[in-house]
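# Examination of the molecular architecture
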Amino acid sequence: MAAENSGSTTSKIREAIVRYGFVAVTVLLVAYFLISEPNFRTSSNLWGLLVYAAPVGIAGLGVTIAMTVGGLDLSVGSTAGFAVSLAAWTMVIGNQVGGVAIVVVLIAGGVIGLINAALIVWARIPDLLATLTTMFAIMGLKLVLVDGKSISSRMTLDDGSTAPGKFTEGFLYLAQGKIGPVPFPAILLIVISVLVWFLLERTRWGRLLYAVGANPEASRLAGVRVGLYRSAAYVAAGVLASVAGLLLAARIGQGDVSAGNSLLLDAVAVALVGTSVLGRNVPNAWGTVLGALLVTVMVVGFSMKGLPYYVQDVAKGAVLLVALLFSYTLSTRRATLPGQPT
């Protein structure tokens, strides 16, 4: 009897760690930086955390949607980088206003998602291989578009003339604007997070996305158009990656050819970390957002501590490892991630 009680207590403790451990790690880390770094607890820095987290979080939400159908989109980083260059080319070289650049970039993200869907659903190429191929193709296309150079306002073109356009104030508002005291990127992150949460958790389409990821064959036999739902997931991932690229472009104010290079690893990491939040063990919107905030807190906090950038990469790896331990080692309800049998 005592052994049974002991086993029950151990199981409850383990499940409590799995359910609340990651949230506790985040709270403790934030508390540590709040206490030890006066600059960390300023209101401008706290809002800045959400601004910094917005591109990673939004791209991570795109990865999350792809994960719900049992896939993984490795092209989100290159798509975001392409969005930066395309937005800059449209405004600076094409001499168009920011609204046109936004529409062009979002359409491009949707097209990239459709290409991924065609390779995965119709050509039946595995998700990782298809999106890896797309990633390399987009990286090359980005350089071809801008002749391998960053684009900035008033730059000198190859023919000796000056670029006719510039980054418009309306476009820069995406990253630098505020509604009251709240930065616009923070509002955009919150709005998109709510929309993705509502889609996945409160609609029939969301339930079917999860069903397709859990068992595509059973879903097909039940009458679900599996190919359509998988395609929609990759289109959504492409569009959200483009939104992340728009924020990056508005933040730096130029078409930096290196923009978005690190976004893939961060976006995939926060989506994977999100599966362990509250013991869900499935891709979910709020888990991804919490993962993005945790990564941002670490980067900003360690930078204030004066630690070198490579220590931040080690810390990101450690956080991902802890999340995977929560999902696989400690949890009795194992996570189902892309490429795994359910």
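Now for a description of the structure that goes with this document. (Residues numbered from 1 in each chain as written. Predicted model: local features only at pLDDT ≥ 70, side-chain atom pairs only at ≥ 80, totals over all residues. Heavy atoms only, no water.)

Taken together, the buried positions of helix α8 (residues 204-214) are G206, L208, L209, Y210, V212 and G213. Where α8 is buried, its residues contact α2 (43-68), α7 (184-202), α9 (216-221) and α10 (226-252). (Buried < 20%, exposed > 50% of the residue type's maximum accessible area, 1.4 Å probe, protein only. Helix = DSSP H or I, 4+ residues; strand = E, 2+ residues; numbered from the N terminus. Contact = heavy atoms within 4.5 Å.)

Our focus in this paragraph is the pattern of salt bridges. Taken as a whole and judged by the stated rule, the model has three salt bridges. D127 is the partner of R230 in a salt bridge, and the nearest nitrogen-oxygen pair spans 3.2 Å. With R230 in helix α10 and D127 in helix α5 (residues 127-145), this residue pair connects regions lying 103 residues apart in the sequence. With a shortest N-O distance of 2.4 Å, R220 and E217 are connected by a salt bridge. Here E217 and R220 lie together in helix α9, a separation of three residues that amounts to about one turn. (Salt bridge = Lys/Arg side-chain N within 4 Å of Asp/Glu carboxyl O.)

Moving on: the packing of aromatic side chains. Under the counting rule described, the total for this entry stands at six aromatic pairs. Aromatic pair Y32 and F33: ring centres 5.2 Å apart, planes at 55°, arrangement tilted. Arranged with centres 5.5 Å apart and planes meeting at 35°, the rings of F33 and F40 form a pair that is tilted. Each member of the pair, F33 as well as F40, carries the same accessibility label: buried. A network of ring pairs unites the aromatic residues Y32, F33, F40 and F302 as a single cluster. (Phe/Tyr/Trp six-rings, centres within 6.5 Å; stacked < 30°, edge-to-face > 60°.)

Further remarks concern the nonpolar core. Counting residues in hydrophobic clusters, the biggest one holds 94 residues, and the most contacted among them are V63, A87, F167, F171, V196 and M298. No other element matches the 13 residues that α10 contributes to this core. Apart from the residues lying within four places of it in its own chain, the contact partners of V196 are L61, I65, L240 and A285. (Core = buried A, V, L, I, M, F, W, Y, C linked by side-chain atoms within 4.5 Å.)

Let us look at the layout of surface pockets. Within this model, the largest pocket holds a volume of roughly 560 Å³. In terms of lining residues, the largest pocket is bounded by 27 residues, among which Y52, V56, S262, L263 and D266 are the most central. When residues of the lining of the largest pocket are traced back to their parent elements, those giving at least two are α2, α10, α11 (263-274), α12 (285-304) and α13 (309-330). Looking at the lining of the largest pocket, the element that brings in the most residues is α11, giving seven residues. Residues that form the lining of the largest pocket fall into these classes: 16 nonpolar, six polar and five charged. (1 Å grid on protein atoms, 1.4 Å probe; cavity = no way out; pocket = protein on both sides within 12 Å on 5 of 7 lines; lining within 4 Å. Points joined across faces, edges and corners; volume = space filled by probe spheres on them. Nonpolar A, V, L, I, M, F, W, Y, C, P; charged D, E, K, R; others polar.)

It is worth spelling out a nonpolar patch on the surface at this point. On the surface, a cluster of nonpolar side chains totalling about 340 Å² of accessible area is made up of V103, I107, V111 and I115. Checked against the element boundaries, I107 lands in helix α4 (residues 98-122). We classify I107 as exposed; its relative accessible area is 54%. (Patch = residues over 30% accessible without salt bridge, like charges linked within 9 Å, V, L, I, M, F, W, Y side chains within 5 Å. Areas by Shrake-Rupley, 256 points an atom, 1.4 Å probe, with all protein chains shown as cover.)

This part takes up unusual backbone geometry. Although it is not a glycine, N95 sits at a positive phi angle of roughly 55°. Of note, N95 is situated in the loop between α3 (76-93) and α4. With a phi angle near 55°, D147 is a residue other than glycine that sits in the positive phi range. The exposed category is assigned to D147, whose relative accessible area is 55%.

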